[in-house]
Amino acid sequence: MTFTDDSRVVLEPWSEDDFWLLRRINSPEMTEHLGGPETEEQLVRRHGRYVELGPGRMYRVALAETGRTVGSIGYWEREWNGETVWETGWGVLPEFQGRGLAPRAARAVAEAARTAGEHRFLHAFPSVHHTASNAVCRKAGFRLLGEVAFEYPKGHWITSNDWRLDLREADGKQTDT
């Protein structure tokens, strides 16, 4: 199933053909807040997980008008504070940053997670120092819950913001429970 937001971006399910995008995202610039680039072996494993992901799904983000690829986004299960929730993460290629595409993709992936059902909340955990990703959360309607210690990648602890979107609220308004 393809999800579109505001006719500006389209989320296309991740496929075997999308490994090139994972390589592009694996640059020092794109992974600065994620512990740095991965090895080729790690990328191959990640790509396999993206293709087979479930529950949840990874997507290639494309411009709706042209089909040009601008980045990736997805949602997957995570145990968080004693419950199973959806987690999301994204990357927009440098030449497309600053155009409002990431918040549009985040709203579209929230709709995909909402449609999947299963879990009430979608969380994002950007580093407290990643100004752009925190702005994406705010613009996409997530509610800031506070700072948390977060392990990503495995063995690498960072201070992140815990942003949460209540998927039961179809209009993006957040509830406190």
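Scroll up to find the structure.
Let me begin by describing the structure that accompanies this report. In this text, all values refer to a predicted model and were calculated from it rather than measured experimentally. (Residues numbered from 1 in each chain as written. Predicted model: local features only at pLDDT ≥ 70, side-chain atom pairs only at ≥ 80, totals over all residues. Heavy atoms only, no water.)

1. Thoughts on a negative patch on the surface
A cluster of acidic residues, Glu77, Glu79, Glu83 and Glu118, forms a negative patch on the protein surface. Along the chain, Glu118 turns up in the loop between helix H3 (101–116) and strand S6 (121–124). (Patch = residues over 30% accessible without salt bridge, like charges linked within 9 Å, V, L, I, M, F, W, Y side chains within 5 Å. Areas by Shrake-Rupley, 256 points an atom, 1.4 Å probe, with all protein chains shown as cover. Salt bridge = Lys/Arg side-chain N within 4 Å of Asp/Glu carboxyl O. Lys, Arg positive; Asp, Glu negative; His and termini not counted. Charge placed at Lys NZ, Arg CZ, Asp CG, Glu CD. Helix = DSSP H or I, 4+ residues; strand = E, 2+ residues; numbered from the N terminus.)

2. Description of the side chain of Asn134
With respect to the helices and strands, the residue Asn134 is situated in helix H4 (residues 131–139). Ignoring anything within four residues of it in the chain, the contact list for Asn134 reads Pro126, Ser127, Val128, Asn161 and Trp163. (Contact = heavy atoms within 4.5 Å.)

3. As for the pattern of salt bridges
This structure, assessed with the given rule, holds eight salt bridges. Here Glu95 makes a salt bridge to Arg24, at a shortest N to O gap of 2.9 Å. Here the residue Glu95 occupies a position in the loop between strand S5 (83–92) and H3, and Arg24 occupies one in helix H1 (residues 19–25), the gap between them amounting to 71 residues. For Glu95, a relative accessible area of 34% gives the class partly exposed. We note a salt bridge from Glu41 to Arg45, for which the minimum N-O separation is 2.8 Å. Taken together, the residues Glu41 and Arg45, both in helix H2 (residues 40–52) and four residues apart, mark about one turn of the helix. (Buried < 20%, exposed > 50% of the residue type's maximum accessible area, 1.4 Å probe, protein only.)

4. A word on the pairing of S5
Extensive coverage of S5 is indicated by the burial of seven of its ten residues. Relative to S5, strand S4 (residues 69–80) runs antiparallel, the two sharing ten bridges. Note on S5: the bridge partner recorded for Ile73 is Trp90. Where S4 folds back on S5, the antiparallel hairpin that results is connected by two residues, among which Asn81 adopts a positive phi of roughly 50 degrees. Once the chain exits S5 it traverses H3 before rejoining the sheet at S6, and the crossover so formed is right-handed. (Pairing = 2+ DSSP bridges. Right-handed = clockwise from strand over helix to strand, strands pointing away.)

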